[in-house]
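Inside the fold
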Amino acid sequence: MASVTFDHVSKRFGDVIAVNDLNLQIADKEFLVLVGPSGCGKTTALRCLAGLEEISDGRILIGDQVVNDVAPKDRDIAMVFQSYALYPHMSVYDNMAFGLKLRKVPKDEIKRRVGEAAKMLGIESLLDRKPRQLSGGQRQRVAVGRAIVREPKVFLFDEPLSNLDAKLRVETRTNISKLHQQLATTFIYVTHDQVEAMTMATRIAVINKGILQQIDTPQNLYDRPDNLFVAGFMGSPAMNFLKAKLDKADGKLYVDGGSFRVEVPADRNSVYAGYVGKQIILGVRPEDIYDPHYCPPGIFKQPVEGKVEVTELMGNEIFLYITTGEHNLVARVDPRTGARMGDRTQVAFNMNNMHLFDPDTERAIR
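Small disclaimer: the values here were computed from a predicted structure and weren't measured.

1. Quick word on the overall build of the protein
- Each helix and strand in the protein was counted, giving 9 helices and 20 strands.
- On the principal axes, the C-alpha backbone points of the protein span a range of 80 × 45 × 35 Å.
- For the protein, buried positions account for 48% of its 366 residues.
- The contacts in the protein between residues at least 6 apart in sequence include a share of 67% that link residues at least 24 apart.

As structure tokens, then:
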């Protein structure tokens, strides 16, 4: 097993910088997820680690070994792609065994490894089938099994669930998390889906435009985003951002958005004191906006009035799309709410979980 290090790694395609001075320390046996929008450089970083792309600057280490000039086949990694890339004329068994046969692994050892991987993935009954006889989820498990039998130091996953339907994605990501626990090796996983990242990772690295924005545990990224991009990317629906001004009156701080004015919790006053009289951006997550009749006890709630433009019933909750003055916001409220499309309504912001951002630097104010 091995740790992985990106040491000031950059990758350029002509004038385009796909990965820009990436520094990452990935611990042995960690499950790290690289997440970001399409084109942000996360897959390029993974391909550089795999040796499928030559880096422009920096070093990549697997364990203590610098692998810049090591051939992909000698890096002791296994990669699972978005495309299953199974040989259509081969059985499941032969697809899983093919790489081992090329390496001249003894037949008994191949049989053992394929059998163990098939049992782990629940595909023992499929070993004689051809890929065309399998569902999408079964093909994905075969692709994962083909990686497992190699017994590599590091597993790389490049958006492996993108071709699956919603229900199967949930099931498969659970299986991959269990697999990580069983194999106790290093997993590096690329996705644009922040829900996958939040539910699977021990740590998440958020990338945008080739630059690492923040790396932390899923909960810390959600609770303490460093900037507007991370705050907006992590969480579904996305955090509401409301342009406003920070005012002070009677020893209290207020966020004044024109159509609303909400008080800042007293324990934050010293943190935000330097921004009094300045423009700021208020960040409030949809799940921190409540129907006033169904607020949990003990929160510092502040009322905001607006008009309900759209409602979306989700069963266990309702999304309210609300306009207040020039601001649009999404609230994730109790399904018992009486708010309906077209209504003037009042919602309550939980100011204990508010975020303030500097509009010039886009950094969180702390």
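Next, the rest of the story.
2. Structural notes on the packing of aromatic side chains
- The tally for this structure, following the rule as stated, stands at 10 aromatic pairs.
- Judged by centre distance (5.1 Å) and plane angle (50°), the rings of Phe-155 and Phe-187 are tilted. Taken together, the residues Phe-155 in strand S7 (residues 154–158) and Phe-187 in strand S8 (residues 186–191) connect sequence positions 32 residues apart. Here Phe-155 matches Phe-187 in class, with each residue buried.
- Judged by centre distance (6.3 Å) and plane angle (55°), the rings of Phe-260 and Phe-349 are tilted. In this pair, Phe-260 is assigned in the loop between strand S12 (252–256) and strand S13 (261–263) and Phe-349 in strand S19 (residues 344–350), connecting sequence segments 89 residues apart.
- Exposure remark for Phe-260: the relative accessible area of 4% places this residue in the buried category.
- A network of ring pairs unites the aromatic residues Phe-31, Phe-155, Phe-157, Phe-187 and Tyr-189 as a single cluster.

3. As for the sheet that holds strand S14 (residues 279–284)
- One open sheet holds the 5 strands; their spatial order is S13-S12-S11-S14-S20, and the pairing between them is antiparallel. Each of the sheet's edge strands pairs with one partner strand only, and the pair in question is S13 and strand S20 (355–357). Mean inter-strand twist for the sheet, computed between neighbouring axes without regard to direction, equals 40°.
- Pairing between S12 and S13: 3 bridges, direction antiparallel. Its bridge partner being in S13, Val-255 is matched across the sheet by Val-262.

4. What about the packing of helix H2 (residues 92–102) against helix H3 (residues 107–121)?
- Interhelical geometry of H2 versus H3 gives an angle of 135° and a closest axis separation of 10 Å. One finds that H2 runs oblique with respect to H3. In terms of crossing hand, the pair formed by H2 and H3 is right-handed. Every residue of H3 that contacts H2 at Tyr-93, Met-96, Ala-97, Leu-100 and Lys-101 is listed here: Ile-110, Lys-111, Arg-113, Val-114, Ala-117 and Ala-118.
- Residues that form the contact of H2 with H3 fall into these classes: 8 nonpolar, no polar and 3 charged.

Cut-offs and rules
Residues numbered from 1 in each chain as written. Predicted model: local features only at pLDDT ≥ 70, side-chain atom pairs only at ≥ 80, totals over all residues. Heavy atoms only, no water. Helix = DSSP H or I, 4+ residues; strand = E, 2+ residues; numbered from the N terminus. Buried < 20%, exposed > 50% of the residue type's maximum accessible area, 1.4 Å probe, protein only. Contact = heavy atoms within 4.5 Å. Phe/Tyr/Trp six-rings, centres within 6.5 Å; stacked < 30°, edge-to-face > 60°. Pairing = 2+ DSSP bridges. Axes fitted to C-alpha atoms, helices over the stretch in contact; angles between N-to-C directions. Parallel < 35°, antiparallel > 145°, perpendicular 65-115°, else oblique. Left-handed = near helix turned anticlockwise from the far one by under 90°. Nonpolar A, V, L, I, M, F, W, Y, C, P; charged D, E, K, R; others polar.

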